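# Residue-level structure breakdown
For reference, the chains in residue letters:
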Amino acid sequence: VEYTTDVVVIGGGGAGLAAAVSAHQNGAKVIVLEKMPRLGGNTILSGGAFNAAGSPRQVAQGIEDSVELHYTQTFEGGDEQGTPELVRILVENAYPAVEWLESLGMKFNDEVFTVLGGLWPRAHRPSTPLGTGFIDTYQEYINATDDIEVLLDTEALELIVADGKIAGVMAKGLKGDVIVHANNGVVLATGGFAVNNELLEAYNQSWPSLAGIKSTNHPGATGDGLVMAEAVGANLIGLGDIQLLPLGDPNTGSLAGNIEKGVENRIFVNKSGDRFVDEGARRDVMTLALMEQQDSFLWVIIDSSDYPTGDEKNNFNESMNELVEQGRAFKGDTLEELAAAIDVPAENLVKAVEEFNKAAETGGPDAFGRTLFERKIEQGPFYAGARMPTVHHTMGGVEINTYAQVLDGNGAVISGLYAAGEVTGGIHGSNRLGGNALADIAVFGRIAGESAAAKK
Ligand code: ADP
């Protein structure tokens, strides 16, 4: 089959759907191509943390923050490898993107929090589980118009070039070839390559070895967009910058089952029951430290403040009682009982918690340099969850400018080609802050849609 539209979006994750809605708001007809049988990409699996500084929610909680601090933490947290102009666009447009999502009907909780490796309490949490709120919001917008069409089970294979411009996409659907002509251009929003072990091993410059490593990502994160973009001359940057998290499920790599609700009130211990890192540090710092522990294995240790009855849910919509029943978390009425349940020396676990509690009283920094504290770990019962390194995000990708236009190796715009989200490089540098990806995909998805609608 053949279609003609204004803007073709490849990828129906958070970036692609933001681009589709934004292109439509700016007057374009849109077709979204999604290779999986459903929309949502990694956003659906994520804990939903969306960093935005300068939010009235922060003011209400007495949290000091600024766009400038968000900029500095993002840029320095990525070892100054990000592109300053893109980082600036991200932080300046993050809170406006929250407002944009709200204008589309999305609901966020009043409380902001610090997400793993987010370094600061500026994460906004959707009121519905995981990242479903984002995708449902876009889906409702799409349902309400005839001018955005979504083709599921449709895998983009190649960009069509005509008269020196990107003019459409060759794809494959369940019933055969699909050709979509684009009057304005194509937005590449295909995500990263966290589940493509071949590419991970080929590009990896960040870690000793990634052979056989698992991932938090959905199965569509195979890096197709990089191949399509490179074929039309796009410049690929930062591909060696691969983000691992220390909090993957040991069996699946997934973030599901993680018992922490925020970073302030939990510690990590190794198989000897000893702490080994600042648990409020950058993601790469924590993961490297974890790789030095026996079997690269940690226990997240918390008390029951976040789970007073055990029926309360974690960030992945699972209740603590359900996790304990399934053997995916462990419980002890005292720290000694918990130590016995997870087979670590009780005296070490008790000492680790005591020292953490002392630091929590003063606010640190403690022996590991930790400064993020809220409460002590003292309210029984106590809980533990097993975690290991897992691939989470690929920071590198297609080079873009501040209009989300794709650039070639000479820094020139490739006419008609736009990109947003994890397929792009240059925003997060060598290490992405937790909570910055959902902000990134909304901010740059929105810009890409606007640019494509305007034929910029
Ligand atoms: P982002 O966070 O940047 O939106 P995601 O990985 O969440 O990235 O979403 C990317 C989406 O693109 C996924 O739903 C994925 O299945 C889809 N996708 C990846 N490659 C292709 C392709 N070749 N054709 C169509 N869709 C694709």
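So, how was this worked out
Residues numbered from 1 in each chain as written. Predicted model: local features only at pLDDT ≥ 70, side-chain atom pairs only at ≥ 80, totals over all residues. Heavy atoms only, no water. Helix = DSSP H or I, 4+ residues; strand = E, 2+ residues; numbered from the N terminus. Rg over C-alpha atoms; globule rule 2.2 N^0.38 Å. Buried < 20%, exposed > 50% of the residue type's maximum accessible area, 1.4 Å probe, protein only. Contact = heavy atoms within 4.5 Å. Lys, Arg positive; Asp, Glu negative; His and termini not counted. Charge placed at Lys NZ, Arg CZ, Asp CG, Glu CD. Pairing = 2+ DSSP bridges. Phe/Tyr/Trp six-rings, centres within 6.5 Å; stacked < 30°, edge-to-face > 60°. Near = heavy atom within 4 Å. Polar contact = N/O pair within 3.5 Å; in protein donor to acceptor, adjacent residues only side chain to side chain. Areas by Shrake-Rupley, 256 points an atom, 1.4 Å probe, with all protein chains shown as cover. Nonpolar A, V, L, I, M, F, W, Y, C, P; charged D, E, K, R; others polar. Core = buried A, V, L, I, M, F, W, Y, C linked by side-chain atoms within 4.5 Å. Salt bridge = Lys/Arg side-chain N within 4 Å of Asp/Glu carboxyl O. Domains from an automatic or database assignment. Buried area = accessible area lost by both parts, 1.4 Å probe. Axes fitted to C-alpha atoms, helices over the stretch in contact; angles between N-to-C directions. Parallel < 35°, antiparallel > 145°, perpendicular 65-115°, else oblique. Left-handed = near helix turned anticlockwise from the far one by under 90°. Expected span 1.5 Å × (residues − 1).

Now for the overall build of the chain. Helices and strands together make up the secondary structure of the chain, namely 12 helices and 18 strands. Relative to the compact-globule value of 23 Å for 456 residues, the chain shows a C-alpha radius of gyration of 22 Å, a close match. The proportion of buried residues among the 456 residues of the chain is 60%. Contacts spanning at least 24 positions in sequence make up 74% of the contacts within the chain whose residues lie at least 6 apart. Put simply, the chain has 31 plus and 62 minus side-chain charges, and the middle of one group is 2 Å from the middle of the other.

Right, let's get into the sheet that holds strand β3 (residues 50-51). With antiparallel pairing, 3 strands are arranged side by side in an open sheet as β3-β5-β4. The sheet is open, and its two edges are formed by β3 and β4 (108-113), each paired on a single side. Relative to strand β5 (residues 123-126), β4 runs antiparallel, the two being bridged by 3 bridges. Residue Phe108 lies in a different strand from β5, and its bridge partner there is Pro126.

In this structure the tally under the stated criterion is 10 aromatic pairs. Measuring from centroid to centroid gives 6.0 Å for Phe108 and Phe134, while their planes differ by 70°, and the two rings are edge-to-face. On the criterion of sequence distance, the pair formed by Phe108 in strand β4 and Phe134 in helix α5 (residues 132-143) is long-range, its members being 26 residues apart. The residues Phe108 and Phe134 share a single accessibility class, namely buried. Considering the side-chain rings of Tyr307 and Tyr383, the 6.3 Å spacing of their centres and the 70° angle between planes classify their relative orientation as edge-to-face.

What surrounds the ligand is a group of 26 residues, the closest being Glu34, Asn42, Ala156, Asp224 and Glu422. Ala15 has a polar backbone atom sitting 2.9 Å from an oxygen atom of the ligand. Interatomic distance of 2.9 Å between a backbone N/O atom of Ala156 and a nitrogen atom of the ligand. Relative to its free-state accessible area of 580 Å², the ligand is covered by the protein chains to the extent of 98%. Residue assignment for the shell around the ligand shows that the elements contributing at least two residues are α1 (14-25), β7 (155-162) and α7 (224-231). Counted by class, the shell around the ligand contains 8 nonpolar, 13 polar and 5 charged residues.

With that settled, the discussion passes to the nonpolar core. Counting residues in each nonpolar core, the largest one holds 87 residues, and the members touching the most others are Phe50, Tyr138, Val398 and Phe444. Non-local contacts of Phe444, meaning those with residues more than four positions away in its chain, are made with Leu86, Ile89, Leu90, Ile400, Ala404, Ala420 and Ile427. Grouped together as the second largest cluster of nonpolar side chains are 24 residues, Leu247, Phe268, Ala281 and Met320 included.

Glancing now at the pattern of salt bridges. Applying the stated criterion across every chain yields a total of 17 salt bridges. Among the ionic pairs, Lys35 bridges to Asp224, the shortest N-O distance being 3.1 Å. With Lys35 in the loop between β2 (30-33) and β3 and Asp224 in helix α7, this pair connects stretches of sequence that are 189 residues apart. For Arg122, the salt bridge goes to Asp65, with nearest N and O atoms at 2.8 Å. Taken as a pair, Arg122 in the loop between β4 and β5 and Asp65 in the loop between α2 (56-61) and α3 (67-77) lie far apart in primary sequence, 57 residues in all.

The next thing to look at is the environment of Ala97. Mapped onto the fold, Ala97 is located in helix α4 (residues 84-103). Between the C-alpha atom of Ala97 and that of Val443, which follows or precedes it by 346 residues, the distance is 6.0 Å.

Under the domain assignment used here, the chain contains domain 1 (2-193 + 395-453) and domain 2 (245-389). One C-alpha centre belongs to domain 1, the other to domain 2; they are set 32 Å apart. With 20 residues of domain 1 in contact, the opposing surface of domain 2 contributes 20 residues. Sorting the residues of domain 1 by area buried against domain 2 places Thr114, Leu116 and Asn431 first, and these three jointly supply 40% of that buried surface.

Moving on, we get to the packing of helix α10 (residues 335-342) against helix α11 (residues 346-362). In the contact formed by α10 and α11, the axes pass within 9 Å of each other and the chain directions differ by 130°. The angle between α10 and α11 places the two elements in the oblique class. In the packing of α10 onto α11, the handedness of the crossing is right-handed. Contacts between α10 and α11 pair Leu335, Glu336, Leu338 and Ala339 from the former with Ala346, Leu349, Val350 and Val353 from the latter. For the contact of α10 with α11, the residue count by class is 7 nonpolar, no polar and 1 charged.

The next point concerns α1. Its 12 residues give α1 an end-to-end C-alpha distance of 16 Å, which sits within 8% of 16 Å, the value for a rise of 1.5 Å per residue. Among all positions in α1, only Gly14, Ala15, Gly16, Leu17, Ala18, Ala19, Ala20, Val21, Ser22, Ala23 and His24 are buried.

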